[in-house]
Amino acid sequence: MKISKYIYIFIFVSFLFPKKSIDKKVANLLDKMTMDEKIGQMTQVDRRFLNPQDIIDFGIGSILSGGGSVPEDNSIEGWANMYDSYQELAQQTRLKIPLIYGIDAVHGHNNVKGATIFPHNIGLGCTFDKKLVYKVADITAREVAATGIDWNFAPCLAIPQDERWGRYYEGYSEDPDLVADLGTATIKGYQNKLGKKHSIAACAKHFIGDGSTLWGTGDNDYKIDRGNAVISDEELYNKHLIPYQKAIDNGVLTVMASFNSYNGLKCHASGYLFNDLLKEELGFEGFVISDWRGIDEIPGDYKSDIITSINAGIDMVMVPGDVIWGGQDYHDFLRLFKESVLEGSISEERINDAVSRILKVKYMMGLFDNHYADRSYIDDFGSSKHRDVAREAVRKSIVLLKNEGILPLSKDVKHIHVAGLGANDIGMQCGGWTMEWQGKLGDITKGTTILEGIQSAVLNNSKVTYDINGENGQNADVGIIVIGEKPYAEGVGDRENLNLSEEDIATLKNMQKYNYPLIVIMLSGRPLMISDQINNWDAFLAAWLPGTEGDGVSDVLFGDYNPTGKLSFSWPNSISQIPHDYQDKKNPALFDYKYGLNY
Ligand code: BGC
Ligand code: BGC
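Criteria and thresholds
Here, residues in each chain are numbered from 1, in the same order as that chain's written sequence. The naming scheme follows written order: chains are lettered A onward, ligands numbered 1 onward. Local features in this predicted model are restricted to residues whose pLDDT is 70 or higher, and side-chain atom pairs enter the listing and the counts only when it is 80 or higher, whereas totals over whole chains, interfaces and linings include all residues. With hydrogens and water stripped out, all remaining heavy atoms of the structure feed into the side-chain values. Note on geometry: axes are lines fitted to C-alpha atoms, helical ones only across the stretch in contact, with angles between N-to-C directions running from 0 to 180 degrees. A run of H or I in DSSP counts as a helix once it spans at least four residues, and a run of E counts as a strand once it spans at least two, with each numbered from the N terminus. Throughout, a crossing is termed right-handed when the near helix is turned clockwise from the far one, and left-handed when it is turned anticlockwise from it by less than a right angle. Contacts are assigned to residue pairs that have any heavy atoms within 4.5 Å of one another. Under the convention adopted here, Pro, Cys and the residues Ala, Val, Leu, Ile, Met, Phe, Trp and Tyr are nonpolar, Asp, Glu, Lys and Arg are charged, and Gly plus all remaining residues are polar. Buried residues of nine kinds, namely Ala, Val, Leu, Ile, Met, Phe, Trp, Tyr and Cys, make up a nonpolar core once their side-chain atoms join them within 4.5 Å. Relative accessibility thresholds used throughout: buried, under 20% of the residue-type maximum; exposed, over 50%; partly exposed, between the two (1.4 Å probe, protein chains only). Note: domain ranges come from an automatic or database domain assignment. In what follows, salt bridge is the name for a side-chain nitrogen of Lys or Arg lying within 4 Å of a carboxyl oxygen of Asp or Glu. A helix's residues, less one, multiplied by 1.5 Å, set its expected span. Should DSSP find at least two bridges between two strands, the strands are regarded as paired. Residues are labelled near a given molecule or strand when at least one of their non-hydrogen atoms is within 4 Å of it. Polar contacts, as used here, are pairs of N or O atoms within 3.5 Å; protein pairs need one atom able to donate a hydrogen and one able to accept it. Residues neighboring in sequence count only if both atoms are side-chain atoms. Values of accessible area rely on a 1.4 Å probe in the Shrake-Rupley scheme; residue burial ignores everything except the protein chains shown. In this analysis the probe radius is 1.4 Å and the grid spacing 1 Å, with only protein atoms considered; a cavity is a set of points the probe fits into but cannot get out of, a pocket is an open set with protein on both sides within 12 Å along at least five of seven lines, and lining residues have an atom within 4 Å of a point. To qualify as sitting in a cavity or pocket, a molecule needs more than half of its atoms within 2 Å of the grid points.

## Focus: the packing of helix H7 (residues 130-146) against helix H8 (residues 176-191)
(1) Moving on: Remark: H7 packs on H8, axes separated minimally by 7 Å, with the N-to-C direction vectors making an angle of 35°. Note that H7 runs across H8; the crossing there is right-handed. Here H7 contributes Lys130, Val133, Tyr134, Ala137, Asp138, Thr140 and Ala141 to the contact with H8, which in turn contributes Asp181, Leu182, Ala185, Thr186, Lys188, Gly189 and Tyr190.
(2) Moving on: Of the residues in the contact of H7 with H8, the class split is seven nonpolar, three polar and four charged.

Below, the structure is given as structure tokens:
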């Protein structure tokens, strides 16, 4: 009787303190590890550059798929098979430590053919809707889990301030509190029920100041991306740390270091940022991953980059081994790392801390018990159930910025003429980080274009015609033109001027000659400069980068949904107003923060 009482108490106590038992498991395992095995755990290689045998020979602890790093069979089964084959190799190592596989599923599982692709964060920001953003993350996690993958390099908690930045769309808002709310909703959606197979580890990125770099300071031949952010302590605490503190308080498992410099010093080299601020002061207990070749950008040779970054508190290095593109060989990384330890430039204590953090996350994820893809999630991958939520996200993200009484359209308009580069193009709707790192125009994956959405919304007696350049539209009753930006990602999208393209201007001119009301829809990763154009338009909608479900746009056009989207930042009136502070009322923008019309 008495003994069973103690057993109950024990079960009760270990239920209260599950972390304790994980800490114990971590300590036990760490005790058994050699230095080589520890260094292996701290190493992440892109699958494109990995010799799979090295999982066994070097105990590599993590693999990633960078943008566009897809298996030959880019189907859901192809991914699950690939993932399992790597985990099988990890099971052949002495200690059988499972791999943790990371990917950028930043708007749905966007490298995988047939995935449900959601709006990029800029669009989600304009929904101001935590519940919706949670649902989006939950579905993304399920689609990621269907491929076996454990870890998402998301959410991006950048607070973008300069529209010329090519990563503007990766941020939710200019308002740190909104970034904190939506970022946390995302983390909860990914990490919901940790240890169950549909739960994936989140990664708050990029720590810190990625959205505050200054034009002209960019690195890697970029204009602003990876540049220098000049941030006072006050701004650090009142702005940049807000979303991170909330993410940490809600259990985010990993944080990614940022490419940019913080007051002149590369973040990747800063012990202040990772050891003191993130881990000590903010209380972050997960692990820190470096960004793609991020340590290489620290001044000095590669060995000193390794020493500096590990000592600064980086726990795992995204090497990623892209020698063919000028990156470092991961074998050199392993060798130089070991040398640095033997010389005493990196302490064993620092390594034990890093490896403990990594192992802890692997235990919390349930990877030791469950390291193969759960194929039961495959059926729902890209399903209509998932796409319905994406469509909801699209219609809620659209911001109606002008309406001279033309919207909503009636479904029995006799003749609608549709035009523009973005009207019938899934790739353009999706933007960067879709199938490829940079994204791509064209029929890149399954989805519904905006044109197709319009065609299926109208009644049978209505005619919808389409010409990409806006020609041949005579006799129509209304024109709809979809303009905007071609796909780009990161610094490749840094742009000095944000004018409409020549192509768009020409198409607009073609449409304007017919004198019917003109509805303009913009697909873009940021506000473009339209002050000199908008007077010619009867209605204007910002649709951001909505993803695969273009029928969310027609839901708004035809009034099936009364628009609720509001700007999550201010829309500058000209390039000279950039960077415009969303709180600056003295210097009015073209459209203010939270502007958005309805019917
Ligand atoms: C980006 C990160 C991304 C990583 C892996 C980097 O270039 O800055 O946001 O997670 O690549 O693809
Ligand atoms: C990778 C991306 C990465 C980028 C950084 C690309 O080749 O696929 O994931 O973010 O390089 O430069």
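After presenting the structure, the write-up continues.
## Side note on the nonpolar core
(1) Moving on: Of all hydrophobic cores here, the largest spans 167 residues; its most connected members are Phe207, Phe337 and Trp571.
(2) Moving on: Here this core gets nine residues from one element, more than from any other, and that element is H7.
(3) Moving on: Taken domain by domain, this core gets at least three of its residues from each of domain 1 (19-379) and domain 2 (398-577).
(4) Moving on: If we ignore the near neighbours within four places in the chain, the residues touching phenylalanine 337 are Ile39, Met42, Ile306, Ile310, Ile346 and Ile351.

## Some details on the pattern of salt bridges
(1) Moving on: Counted under the stated rule, the structure contains 40 salt bridges.
(2) Moving on: Lysine 411 is paired through a salt bridge with aspartate 560; the nearest N and O atoms lie 2.9 Å apart. Linking lysine 411 in the loop between strand S12 (399-403) and strand S13 (415-419) with aspartate 560 in the segment after helix H18 (551-557), this pair joins segments that are 149 residues apart in sequence.
(3) Moving on: Given the relative accessible area of 26%, lysine 411 is considered partly exposed.
(4) Moving on: For lysine 486, the salt bridge goes to glutamate 503, with nearest N and O atoms at 3.2 Å. With lysine 486 in the loop between strand S15 (478-484) and helix H17 (502-512) and glutamate 503 in helix H17, the pair connects residues that are 17 residues apart, well separated along the chain.

## A look at helix H13 (residues 348-364)
(1) Moving on: Here H13 is 17 residues long and its end C-alpha atoms lie 24 Å apart, about the 24 Å a rise of 1.5 Å per residue gives.
(2) Moving on: Among the residues making up H13, those that are buried are Arg350, Ile351, Ala354, Val355, Arg357, Ile358, Leu359, Lys360, Val361, Lys362 and Tyr363.
(3) Moving on: Directly after H13, the chain includes glycine 366, whose backbone phi takes a positive value near 75°.

## Structural notes on the sheet that holds strand S6 (residues 228-229)
(1) Moving on: Spatial strand order, S6-S8-S9: three strands in an open sheet with mixed pairing. Where the open sheet ends on each side, the last strands, each with one partner, are S6 and strand S9 (265-266).
(2) Moving on: Examined bridge by bridge, S6 and strand S8 (residues 261-262) share two bridges and lie parallel to one another. The residue of S8 that forms the bridge with asparagine 228 is serine 261.

## Examining the sheet that holds strand S11 (residues 317-318)
Through backbone hydrogen bonds, the strands of a sheet pair up, either in parallel or in antiparallel fashion.
(1) Moving on: Pairing in this open sheet of five strands is parallel, and the strands run S4-S3-S2-S1-S11 from one edge to the other. Because the sheet does not close on itself, it has two edges, and the strands there are strand S4 (151-152) and S11.

## Notes on the site of ligand 2
(1) Moving on: The local shell around ligand 2 consists of Arg48, Gly66, Gly67, Arg226, Trp292, Trp325, Trp433, Trp437 and Glu490.
(2) Moving on: Tryptophan 437 is positioned with one of its side-chain polar atoms (N or O) 3.5 Å from an oxygen atom of ligand 2.
(3) Moving on: Residue glutamate 490 places a side-chain N or O atom 3.0 Å away from an oxygen atom belonging to ligand 2.
(4) Moving on: For ligand 2, whose free accessible area comes to 310 Å², the fraction covered by protein is 88%.
(5) Moving on: When atom positions are compared with the pocket grids, ligand 2 is found to occupy the largest pocket.
(6) Moving on: Looking at which domains feed residues into the shell around ligand 2, each of domain 1 (19-379) and domain 2 (398-577) gives three or more.

## So, unusual backbone geometry
For residues other than glycine, phi is negative in most cases, and the peptide bonds are mostly trans.
(1) Moving on: A cis amide bond, omega 5°, links alanine 154 with the succeeding residue proline 155.
(2) Moving on: Relative to the helices and strands, proline 155 resides in the loop between S4 and H8.
(3) Moving on: Its identity is not glycine, yet asparagine 220 carries a phi of approximately 65°, on the positive side.
(4) Moving on: Its identity is not glycine, yet arginine 226 carries a phi of approximately 70°, on the positive side.
(5) Moving on: With respect to the secondary-structure elements, arginine 226 resides in the loop between strand S5 (203-207) and S6.

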